[in-house]
2 protein chains.
Amino acid sequence: MTSDASANLNRPLTLRDVSEASGVSEMTVSRVLRNRGDVSEKTRDKVLEAAKTLGYVPNKIAGALASQRVNLVAVIVPSLGNLVFPEVLSGITEVLDETELQPVYGVTNYEPEREEKVLYDMLSWRPAGLILAGLEHTDASRAMLRSAGIPIVEIMDSDGTPVDAMVGISHRRAGRHMAQAIVEAGYRKIGFLGTKMPLDHRARKRFEGFTEALAKEGLEVADQEFYEGGSSIMKGREMTQALLTRSPDLDFLYYSNDMVGAGGLLYCLDQDIDVPGQIGLAGFNGLRLLEGLPKTLATMDACRADIGREAAQIIARHAGHPSAEAERHVLKPTLALGDTLKRGPRRR
Amino acid sequence: MTSDASANLNRPLTLRDVSEASGVSEMTVSRVLRNRGDVSEKTRDKVLEAAKTLGYVPNKIAGALASQRVNLVAVIVPSLGNLVFPEVLSGITEVLDETELQPVYGVTNYEPEREEKVLYDMLSWRPAGLILAGLEHTDASRAMLRSAGIPIVEIMDSDGTPVDAMVGISHRRAGRHMAQAIVEAGYRKIGFLGTKMPLDHRARKRFEGFTEALAKEGLEVADQEFYEGGSSIMKGREMTQALLTRSPDLDFLYYSNDMVGAGGLLYCLDQDIDVPGQIGLAGFNGLRLLEGLPKTLATMDACRADIGREAAQIIARHAGHPSAEAERHVLKPTLALGDTLKRGPRRR
DNA sequence: ATGAAAGCGCTAACAC
DNA sequence: GTGTTAGCGCTTTCAT
């Protein structure tokens with residue numbers, strides 16, 4: 001194996017090694033490896049040959065320090081266990097793949113202090129741009145964001161003031177919108193089931209928008225149930241059972257996400273409850289994963305991949321450049337009534 | 001805001017800025033910021049005060065170049081859309097959080113050339129260790145791995161030869177094991193439903209082990225159906241319908257993962273098929289997410305979080321140290337019969 | 001088309 | 001306990 005040449009060296013190879021092996025100056029080797037400047041066909045071949053034979057991998061640390069340019073885009077999300085975020089990431093990747101930029105992911109577990117640490121650690125690598133979920137950050141985080149000197153896009157949410165750019169939906173509006181559809185369909189005794197959400201600001205805002213819109217109609221949430229930990233079908237079942245046992249007269253159940261909503265749906269069907277006649281159901285997210293259940297849950301698409309794509313495009317446009325005006329994109333989620341929410345008499 | 005002091009500078013702050021602001025040498029500032037060496041209480045306070053006021057974020061690029069140490073652990077997985085991988089990542093994070101090390105994630109989309117590129121890009125940042133899924137890599141990738149000079153752990157699979165350390169399960173054995181349970185339960189006309197798997201080596205190996213064990217019993221897969229793209233309940237439904245329409249006499253359906261298996265289960269229940277009497281079903285992965293379906297699908301736990309944790313522990317032990325003997329851990333997945341696979345007469 | 005010198009921002013090693 | 005010097009592995013700039 002040719003690459004064993006390096007394995008025996010017991011230290012990472014440097015440009016100098018390639019330079020000596022090819023009989024070409026370090027500078028020219030560097031030019032060849034980066035496709036910069038004019039290099040004769042002949043030297044180029046010699047260099048590439050040598051680099052390949054040795055198994056040379058450039059040291060980006062040194063390169064970044066010298067050139068003051070880093071092609072990394074830091075991406076910070078609360079979780080990967082919630083399918084929503086991987087979908088956003090794939091939108092980001094899709095766009096950045098067309099550029100020189102490369103995403104690097106960090107996860108906060110919805111903890112502000114953890115976000116602060118992850119942010120600090122990522123910024124210390126001087127990325128070319130930063131994408132992070134949400135508009136709520138600690139003061140220290142916000143200070144770092146402001147003085148980072150790179151394009152920053154806050155995503156997923158538009159209810160608040162971003163530090164720089166923003167791409168998201170209004171979760172308050174989404175909650176309101178769903179409440180209106182529910183009321184228009186004629187439901188009146190409405191229950192809510194969701195996560196304990198002190199830290200999930202988007203779920204909280206949906207809930208706030210929801211209750212607010214109900215209030216406008218002279219209604220309020222008749223009963224509610226909260227859970228901790230990850231979302232699952234089982235959680236949805238258990239919560240629904242608990243809620244309906246306590247408040248058997250509810251005629252609608254609004255879930256903070258599709259996964260628990262699916263559990264609720266299965267529970268209702270098990271109990272031979274007429275859905276959406278006796279009880280209507282709705283979730284949030286538009287998880288395609290769940291299509292194929294006995295009935296299609298009413299839900300609202302959160303525009304995940306679009307958000308990722310647009311955020312990445314903003315970074316790609318602004319990275320390295322003197323940042324112009326901050327872009328703010330508010331996307332509009334689509335309501336899907338599915339089979340679990342009666343169509344109302346009025347149209348919206 | 002104090003941090004605006006830096007915002008006005010329009011260039012990233014350096015150690016020198018903190019040094020000047022605090023009247024302490026760069027070296028001592030460096031010591032304070034890294035908690036290294038003895039520094040008097042008084043100077044320490046002065047430095048921290050200045051650093052905080054300015055909003056200084058150390059430049060790890062320069063630090064890493066000077067110290068020749070990077071605290072990053074590169075983690076490369078095929079996908080984030082398959083819940084399995086986020087679970088592995090959380091196992092990794094859990095362990096690395098206790099150390100100075102920090103995971104950085106890359107995604108390959110199951111494409112070998114993409115893995116090669118991601119690997120190259122990540123290695124060029126000279127991480128302290130590397131964790132990657134699978135044992136199958138291009139020659140170039142393998143060459144990079146061999147000469148990287150850092151601890152490397154290949155995870156999720158144990159059917160093959162790792163470059164260095166390895167933590168995984170035998171998917172061949174998992175497939176065999178499931179086949180045996182199925183045959184022992186008395187099923188004979190067995191169908192298989194899975195991804196087109198030229199690139200998903202683990203799914204392929206499960207299938208190979210499965211057919212191999214059937215062959216030992218004088219059986220073979222009676223019919224099969226393959227799909228492309230992501231797994232979903234709907235896919236499982238559609239495939240199951242197609243397969244059962246074509247081969248109505250099948251008495252068992254083995255799915256390459258739980259998500260499509262769940263779709264198959266729902267389809268069978270819709271059709272009033274007696275499960276597991278008339279037809280038995282099984283999937284793979286032990287996705288807790290799906291608990292709560294009308295019946296619990298027979299499945300096999302892939303030890304995801306354990307794999308992540310053990311891999312991270314290996315990295316933590318070996319990072320920086322002269323690598324001792326390569327560790328090889330083969331975990332044993334647990335078979336869960338659930339409600340969709342009859343218990344056989346013999347015990348295993 | 002190629003090379004030499006300087007230096008990116010930090011830390012190791014050694015003075016004091 | 002603190003400061004000084006050298007240099008990490010590249011790229012920039014300027015010379016040839």
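Source: prediction; values computed, not measured.

1. Overview of the protein's contact with DNA strand D
Reasoning step 1: Residues in contact with DNA strand D amount to 26 residues; listed here are only the nearest, Met27, Ser30 and Tyr56 of chain A together with Ser25 and Arg31 of chain B.
Reasoning step 2: Sugar and phosphate atoms constitute 66% of the interface atoms of DNA strand D, taking the interface as everything within 4 Å of the protein.
Reasoning step 3: A distance of 3.0 Å is found between a phosphate oxygen of DNA strand D and a side-chain nitrogen or oxygen belonging to Thr28 of chain B.
Reasoning step 4: The side chain of Arg31 of chain B places a nitrogen or oxygen atom 2.4 Å from a base oxygen of DNA strand D.
Reasoning step 5: Where the surface near DNA strand D is concerned, the elements lending two or more residues are α3 (26–34) and α5 (60–67) of chain A together with α3 (26–34) and α5 (60–67) of chain B.

2. As for the relation of the copies chain A and chain B
Reasoning step 1: Superposing chain A onto chain B requires a rotation of 180° together with a translation of 0.0 Å along the rotation axis, leaving an RMSD of 0.1 Å. Between the two chains, the operation in question is that of a two-fold axis.
Reasoning step 2: Here 100% of the interface residues in chain A have copies in chain B that are interface residues too; the copies meet face to matching face.

3. Describing the interface of chain A and chain B
Where interface size is quoted, it is often the accessible area lost as the parts come together.
Reasoning step 1: On the side of chain B, 54 residues touch chain A, which itself brings 54 residues to the contact.
Reasoning step 2: Carbon and sulfur atoms supply 65% of the area buried between chain A and chain B, which totals about 4,700 Å² over both sides.
Reasoning step 3: Broken down residue by residue, the surface that chain A buries against chain B is led by Ile61, Trp125 and Arg126 of chain A, which jointly contribute 15%.
Reasoning step 4: Across the chain A-chain B interface, the total number found is 4 salt bridges.
Reasoning step 5: Residues Asp97 of chain B and Arg114 of chain A are paired through a salt bridge, measuring 3.2 Å at the closest nitrogen-oxygen approach.
Reasoning step 6: For the pair chain A and chain B, the number of links is 14 residue pairs in polar contact (both at pLDDT 80 or more).
Reasoning step 7: Sort the elements by how many residues they give to the side of chain A that touches chain B and α5 of chain A lands first, with 5 residues.
Reasoning step 8: By residue class, the composition of the side of chain A that touches chain B is 32 nonpolar, 12 polar and 10 charged.

4. Re helix α13 (residues 304–318) of chain A
Residues and elements named next belong to chain A.
Reasoning step 1: Between its first and last C-alpha, α13 extends 22 Å over 15 residues, near the 21 Å set by a 1.5 Å rise per residue.
Reasoning step 2: All of the buried residues along α13 are Arg304, Ile307, Gly308, Ala311, Ala312, Ile314, Ile315 and His318. Around the axis of α13, the buried residues are gathered within 155° of arc, so they sit on the same side.
Reasoning step 3: In this fold, the buried residues of α13 make contact with β1 (72–77), α6 (84–96), β3 (129–133), β4 (152–157), β5 (165–169) and β11 (328–331).
Reasoning step 4: The first or second residue beyond α13 is Gly320, which carries a positive phi of 85°.

5. Describing the sheet that holds strand β9 (residues 280–282) of chain A
Residue and element names in this part refer to chain A.
Reasoning step 1: On the basis of which strands lie adjacent, the open sheet formed by 4 strands has the order β7-β6-β8-β9 and parallel pairing. In this open sheet, the two strands that pair with only one neighbour each are β7 (223–227) and β9. Neighbour to neighbour, the strand axes of the sheet diverge by 15° on average, direction disregarded.
Reasoning step 2: Two elements, strand β6 (residues 190–195) and β7, share 5 bridges in a ladder whose sense is parallel. Paired with Phe192 across the two strands is Gln224, which belongs to β7.
Reasoning step 3: Helix α11 (residues 233–246) rests against β6, β7 and β8 (252–255) of the sheet, and its axis sits at about 150° to β7.

6. Things to note about the protein's contact with DNA strand C
Reasoning step 1: Around DNA strand C, the surrounding shell holds 25 residues, and the nearest of these are Arg31 and Asp38 of chain A together with Leu15, Ser30 and Tyr56 of chain B.
Reasoning step 2: For DNA strand C, the backbone portion of the atoms within 4 Å of the protein, that is sugar and phosphate, comes to 69%.
Reasoning step 3: Thr28 of chain A is positioned with one of its side-chain polar atoms (N or O) 2.9 Å from a phosphate oxygen of DNA strand C.
Reasoning step 4: In this structure, Tyr56 of chain B approaches DNA strand C through a side-chain N or O atom, which is 2.3 Å from a phosphate oxygen.
Reasoning step 5: Looking at the surface near DNA strand C, the elements that each hand over two or more residues are α3 and α5 of chain A together with α3 and α5 of chain B.
Reasoning step 6: Here the surface near DNA strand C is composed, by residue class, of 10 nonpolar, 10 polar and 5 charged.

7. Quick word on a positive patch on the surface
Reasoning step 1: Residues Arg31, Arg34, Arg36 and Arg69 of chain A make up a contiguous surface patch of positive charge.
Reasoning step 2: With respect to the secondary-structure elements, Arg31 of chain A resides in helix α3.

8. Considering the environment of Phe210 of chain B
Residues and elements named next belong to chain B.
Reasoning step 1: By secondary structure assignment, the location of Phe210 is in helix α10 (residues 201–216).
Reasoning step 2: Phe210 gets classed as buried once you look at its relative accessible area, which sits at 0%.
Reasoning step 3: Taking the C-alpha atoms as reference points, Phe210 and Met178, 32 residues apart in sequence, are found 7.0 Å from one another.
Reasoning step 4: Look past the residues within four positions of Phe210 in its chain and what remains in contact with it is Gly175, Arg176, Met178, Ala179, Ile182, Ile190, Val221 and Tyr254.

9. Re the nonpolar core
Reasoning step 1: Judged by nonpolar contacts, the single largest core of 70 residues is most densely connected at Ile131, Val153 and Ile155 of chain A together with Ile131, Val153 and Ile155 of chain B.
Reasoning step 2: Ignoring any residue separated from it by four or fewer positions in sequence, one finds Ile155 of chain A in contact with Val88, Ile131, Leu132, Ala133, Gly134, Val167, Ile307 and Ala311 of chain A.
Reasoning step 3: Counting 52 residues, the second-largest nonpolar core is a separate cluster that includes Ile233, Leu266 and Ile279 of chain A together with Leu290 of chain B.

10. A word on the UniProt feature "domain: HTH lacI-type" (unreviewed entry) in chain A
Reasoning step 1: Cross-referencing UniProt, the feature "domain: HTH lacI-type" (unreviewed entry) maps to residues 13–67 of chain A in the present numbering.
Reasoning step 2: The annotated region residues 13–67 of chain A carries 71% helix and 0% strand content, and the separation between its end C-alpha atoms amounts to 20 Å.

11. Re the domain arrangement of chain A
Residue and element names in this part refer to chain A.
Reasoning step 1: Examined at the domain level, chain A breaks down into domain 1 (3–47), domain 2 (72–169 + 304–331) and domain 3 (171–302).
Reasoning step 2: Between the C-alpha centres of domain 2 and domain 3 the distance comes to 29 Å.
Reasoning step 3: Domain 2 puts 17 residues into the contact, and the matching count from domain 3 is 14 residues.
Reasoning step 4: In total, about 1,300 Å² of surface goes out of reach between domain 2 and domain 3, with carbon and sulfur atoms giving 51% of it.

12. Focus: the sheet that holds strand β6 (residues 190–195) of chain B
All names here are of chain B.
Reasoning step 1: If you trace the 4 strands from one edge of the open sheet to the other, you get β7-β6-β8-β9, paired in parallel fashion. For this open sheet the edge positions go to β7 (223–227) and β9 (280–282), each flanked by a neighbour on one side alone. This sheet shows a mean twist of 15° between the axes of neighbouring strands, independent of strand direction.
Reasoning step 2: Seen against the sheet, α10 touches β6, β7 and β8 (252–255) and runs at an angle of roughly 170° to β6.
Reasoning step 3: Of the strands in this sheet, β6, β7 and β8 are in contact with helix α11 (residues 233–246), which crosses β7 at around 150°.

13. Regarding unusual backbone geometry
Residue and element names in this part refer to chain A.
Reasoning step 1: The amide bond that connects Val275 to the next residue, Pro276, takes the cis arrangement and shows omega of 10°.
Reasoning step 2: Within the element layout of this structure, Pro276 appears in the loop between α12 (258–270) and β9.
Reasoning step 3: Phi is positive for Arg126, close to 50°, though the residue is something other than glycine.

14. What to know about the packing of aromatic side chains
Residue and element names in this part refer to chain A.
Reasoning step 1: Throughout the structure, instances matching the rule amount to 15 aromatic pairs over all chains.
Reasoning step 2: A connected cluster of aromatic rings, assembled from ring pairs, spans Phe192, Phe207, Phe210, Phe226 and Tyr254.
Reasoning step 3: Over the face of the ring belonging to Phe284 we find Arg206, whose NZ or CZ atom lies 4.0 Å from the ring centre.
Reasoning step 4: Its guanidinium or amino end placed over the ring of Tyr187, Lys342 lies 4.7 Å from that ring's centre, counting from NZ or CZ.

15. Overview of the environment of Leu289 of chain A
Reasoning step 1: With respect to the element layout, Leu289 of chain A can be found in the loop between β9 and β10 (299–300).
Reasoning step 2: By relative accessible area, Leu289 of chain A is classed as buried at 15%.
Reasoning step 3: For the pair formed by Leu289 of chain A and Ser247 of chain A, sequence separation is 42 residues and the distance between their alpha carbons is 30 Å.
Reasoning step 4: Ignoring anything within four residues of it in the chain, the contact list for Leu289 of chain A reads Leu83 of chain A together with Ser231, Ser232, Ile233 and Met259 of chain B.

What counts as what
Residues numbered from 1 in each chain as written. Chains lettered and ligands numbered in written order. Predicted model: local features only at pLDDT ≥ 70, side-chain atom pairs only at ≥ 80, totals over all residues. Heavy atoms only, no water. Near = heavy atom within 4 Å. Polar contact = N/O pair within 3.5 Å; in protein donor to acceptor, adjacent residues only side chain to side chain. Helix = DSSP H or I, 4+ residues; strand = E, 2+ residues; numbered from the N terminus. Least-squares fit on C-alpha atoms with pLDDT ≥ 70 in both. Contact = heavy atoms within 4.5 Å. Buried area = accessible area lost by both parts, 1.4 Å probe. Salt bridge = Lys/Arg side-chain N within 4 Å of Asp/Glu carboxyl O. Nonpolar A, V, L, I, M, F, W, Y, C, P; charged D, E, K, R; others polar. Expected span 1.5 Å × (residues − 1). Buried < 20%, exposed > 50% of the residue type's maximum accessible area, 1.4 Å probe, protein only. Arc of directions from axis to C-beta. Pairing = 2+ DSSP bridges. Axes fitted to C-alpha atoms, helices over the stretch in contact; angles between N-to-C directions. Patch = residues over 30% accessible without salt bridge, like charges linked within 9 Å, V, L, I, M, F, W, Y side chains within 5 Å. Areas by Shrake-Rupley, 256 points an atom, 1.4 Å probe, with all protein chains shown as cover. Lys, Arg positive; Asp, Glu negative; His and termini not counted. Charge placed at Lys NZ, Arg CZ, Asp CG, Glu CD. Core = buried A, V, L, I, M, F, W, Y, C linked by side-chain atoms within 4.5 Å. UniProt positions renumbered as here; feature names shortened; annotations may be inferred. Domains from an automatic or database assignment. Phe/Tyr/Trp six-rings, centres within 6.5 Å; stacked < 30°, edge-to-face > 60°. Lys NZ or Arg CZ within 6 Å of the ring centre and 35° of its normal.

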